[in-house]
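What follows is each chain in one-letter form.
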Amino acid sequence: MENVIIPKSLQITMDDVGWFNGSDDRKRGGSARTAMPRRHCAEDYAAINELGKRLNMRINCAFVLGEWDPDDRLKGIKWLSKYGDAWNNSAYLGREEMGAVAEVVRSSPYIDIAVHGLMHNYYNPNIPYCNSDYFYPENGRLRVIPENELRARFDAFFDILDYYKIGKEVNSFIPPTFNYVW
């Protein structure tokens, strides 16, 4: 194996960190996720930590936290998922693995958390589907979702971090599909 050199002048950003289900779900009306055909685990986060350690660089990770929902607290978030009122994340959350993931993220000096989203999508049936928590297409332009919905999503994101006692300062925002519209 050849050595790869990444100059320190770069800032590495990892997209879509936080999914547990890695499989691409676009054909079923969901997100691309990480497109890895397996569940993610604590070792994946340890690998991000190790990359940061070897580069001596904090990795800016765009987190999607909906699958971290421990008790279906996100069920009330308007247009959160394709499951609507049938949201039942707690049935799929591996509690032991989630604890290990939270510990790696919490203790890593190399994993920085950027707000990315809850489920990466906006499922309002009255508007065209959009692969972003925060925007939707209208007449060829992107529109920001209503402010109260934005606030609910941001509050829920930080509530989940607090639930797992991550305790890290979050000072960056990377919207899904990298669209900034204000």
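Our structure's up above, just so we're on the same page.
Let me sum up the structure you'll find in this document. Computed from a predicted structure; not experimentally measured. (Residues numbered from 1 in each chain as written. Predicted model: local features only at pLDDT ≥ 70, side-chain atom pairs only at ≥ 80, totals over all residues. Heavy atoms only, no water.)

1. Things to note about the sheet that holds strand β1 (residues 13-17)
Link 1 in the chain: A sheet is described by the order of its strands in space; here 4 strands give the open sequence β1-β2-β3-β6, paired in parallel fashion. Two strands lie at the open edges of the sheet, namely β1 and β6 (172-173), each paired on one side alone.
Link 2 in the chain: Taken together, the 2 bridges between strand β3 (residues 111-117) and β6 define a ladder with parallel strand orientation. Each residue of the ladder has a partner; that of A114, found in β6, is S172.
Link 3 in the chain: Strand contacts of helix α1 (residues 42-55): β1, β2 (59-64) and β3, with the helix running at about 160 degrees to β2, the strand carrying the most contacts. (Pairing = 2+ DSSP bridges. Helix = DSSP H or I, 4+ residues; strand = E, 2+ residues; numbered from the N terminus. Contact = heavy atoms within 4.5 Å. Axes fitted to C-alpha atoms, helices over the stretch in contact; angles between N-to-C directions.)

2. A look at the side chain of E67
Link 1 in the chain: Relative to the helices and strands, E67 is located in the loop between β2 and α2 (95-107).
Link 2 in the chain: From its side chain, E67 meets the backbone nitrogen of F20 in a polar contact 2.5 Å long. (Polar contact = N/O pair within 3.5 Å; in protein donor to acceptor, adjacent residues only side chain to side chain.)

3. Details of the state of the cysteines
Link 1 in the chain: Inspection of the entire model under this criterion finds 0 disulfides.
Link 2 in the chain: Between C41, a cysteine without a disulfide, and C61, which holds the nearest cysteine sulfur, the sulfur-to-sulfur distance is 15 Å.
Link 3 in the chain: Given the relative accessible area of 0%, C61 is considered buried. (Disulfide = S-S within 2.5 Å. Buried < 20%, exposed > 50% of the residue type's maximum accessible area, 1.4 Å probe, protein only.)

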